[in-house]
Amino acid sequence: MIETLEWTHSGVRFIDQTKLPTEEIYVTCKTHEQVADVIRNMVVRGAPAIGVAAAMGIALGVKNSQAATTGELKPEFDGICDVIGKTRPTAVNLFWAIARMREKFESLRVRPVAQVKQGLIDEARRMHAEDIAANQAMGRHGAALMPASGGVLTHCNAGALATCGYGTALGVIRAAVEQGKKIHVFADETRPFLQGSRLTAWELMKDGIPTTVISDNMAGAMMKQGKIGAIVVGADRIAANGDVANKIGTYTVAVLAREHAIPFYVAAPFSTIDLETPDGGGIPIEQRSPLEVTHIAGKQMVPDGVQVENPAFDVTPAKYVTAIVTERGIARAPYEESLHRLAEAAAVSV
Ligand code: MRU
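Residues numbered from 1 in each chain as written. Predicted model: local features only at pLDDT ≥ 70, side-chain atom pairs only at ≥ 80, totals over all residues. Heavy atoms only, no water.

Trainee: Lay out the overall build of the protein chain with the relevant residues and their values.
Mentor: Scanning the protein chain from terminus to terminus reveals 11 helices and 16 strands. For 350 residues, the compact-globule formula gives about 20 Å, and the C-alpha radius of gyration of the protein chain, at 20 Å, lands near that figure. Taken along its principal axes, the extent of the C-alpha atoms in the protein chain is 65 × 50 × 40 Å. Residue burial in the protein chain is summarised as follows: out of 350 residues, 57% are buried. Considering only intrachain contacts with a sequence separation of at least 6, the fraction spanning at least 24 residues in the protein chain is 74%. Here the protein chain has roughly 14,200 Å² of accessible surface; of this, 53% comes from carbon and sulfur atoms. In the protein chain, 35 positive and 38 negative side-chain charges are present, and the distance between their average locations comes to 3 Å. (Helix = DSSP H or I, 4+ residues; strand = E, 2+ residues; numbered from the N terminus. Rg over C-alpha atoms; globule rule 2.2 N^0.38 Å. Buried < 20%, exposed > 50% of the residue type's maximum accessible area, 1.4 Å probe, protein only. Contact = heavy atoms within 4.5 Å. Areas by Shrake-Rupley, 256 points an atom, 1.4 Å probe, with all protein chains shown as cover. Lys, Arg positive; Asp, Glu negative; His and termini not counted. Charge placed at Lys NZ, Arg CZ, Asp CG, Glu CD.)

Following this line, the structure appears as structure tokens:
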């Protein structure tokens with residue numbers, strides 16, 4: 001399995017996703033500020049991976065602290081959480097992970113510093129293991145939704161690289177393939193950052209899963225030609241009504257899917273579901289540097305001075321979503337009810 005991120009004795013180690021698919025290199029962060037930088041710069045990306053990276057970054061910051069008492073550690077801990085919390089705004093897994101590390105800190109507040117440090121490291125590592133288990137459970141639930149054979153389209157990368165392993169949308173595809181389904185993946189290249197062509201194609205090729213990369217504007221034609229039997233994507237945040245924030249371009253795919261009567265599935269762990277946000281209108285959308293749009297591999301592609309937009313995500317209204325696959329089971333419309341029911345179900349533990 002690809003090690004997207006890993007706790008090591010010398011720091012938090014990441015595969016550098018900005019260098020894939022041509023170079024497979026790893027970076028080790030030794031401070032929480034470095035972890036914040038790799039989240040912001042997308043060395044690590046994808047909502048679940050961002051969440052666990054945040055938890056490991058917090059554990060690393062606490063490990064590096066010179067505080068003599070837990071009381072002295074508390075303001076430092078709050079500062080570390082603030083730094084990590086200001087990296088990327090859309091993936092709710094980041095804030096879920098920070099909240100979970102805060103809860104852990106509170107539960108250890110009366111303990112000596114050494115125990116607090118170890119407890120936070122253990123918690124971050126547990127979140128890593130839970131993420132893989134959740135993806136495998138999602139795969140078990142979602143595989144039945146995949147066609148017995150034929151094309152499945154995905155957008156962005158919701159694979160092993162976007163998680164601690166196995167993937168959400170790609171986990172569903174992997175599980176279907178493991179069951180013997182003959183799936184051919186169509187990977188949208190996913191402009192502007194090219195997570196589909198660089199990352200999804202890379203990890204599926206490693207697994208020997210047949211894959212065709214298409215540019216984003218080809219998706220409609222592929223659907224019209226009958227090449228796509230289902231669509232499965234990940235999510236960065238799912239509101240209580242089932243509206244889904246995911247990589248920019250997902251909305252376009254969902255609308256096209258409706259036009260062609262193709263099922264549109266979203267696979268995401270429960271940590272991506274934000275029941276505090278009633279609908280997609282309340283989801284903050286990250287705006288990224290215009291350079292991601294104006295330049296490809298360092299080469300300028302637009303005239304100087306032209307205006308550029310670069311929202312990293314869009315919101316797909318729940319009405320386009322056929323089902324949401326989570327580790328706790330499958331939710332269908334009306335999502336207000338089905339997501340709340342799943343919220344009461346037991347979490348996947350390791
Ligand atoms: O900007 P990115 O690469 O972090 O965006 C990633 C996505 O949009 C993924 O589809 C989403 O995080 C789900 S990953 C399992």
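Trainee: How would you sum up the site of the ligand? Please name residues and give values.
Mentor: Close to the ligand lie 19 residues, the nearest being Arg 45, Arg 88, Asp 236, Asn 246 and Lys 247. A distance of 2.8 Å is found between an oxygen atom of the ligand and a side-chain nitrogen or oxygen belonging to Gln 195. At 2.8 Å from an oxygen atom of the ligand is found a side-chain nitrogen or oxygen belonging to Asp 236. Out of a free accessible area of 410 Å², the ligand has 100% covered by protein chains. At the level of elements, α2 (47–63) and β9 (244–247) are the ones that each hand at least two residues to the shell around the ligand. (Near = heavy atom within 4 Å. Polar contact = N/O pair within 3.5 Å; in protein donor to acceptor, adjacent residues only side chain to side chain.)

Trainee: Please provide a residue-by-residue account of unusual backbone geometry, values included.
Mentor: Peptide bonds are, in most cases, trans, and in most cases residues other than glycine have a negative phi. That bond from Leu 20 to Pro 21 is cis: its omega, 10°, falls within 30 degrees of zero. Assignment of secondary structure puts Pro 21 in the loop between β2 (11–15) and β3 (26–29). A cis amide bond links Arg 191 with the next residue in sequence, Pro 192, at an omega value of 5°. In this fold, Pro 192 is placed in the loop between β5 (182–188) and α7 (195–207). In this structure, Tyr 166 is a non-glycine residue whose phi angle is positive, near 80°. Tracing the sequence through the fold places Tyr 166 in the loop between β4 (149–154) and α6 (169–178). Residue Leu 194 is not a glycine yet carries a positive backbone phi of 65°. Turning to its location among the elements, Leu 194 is positioned in the loop between β5 and α7.

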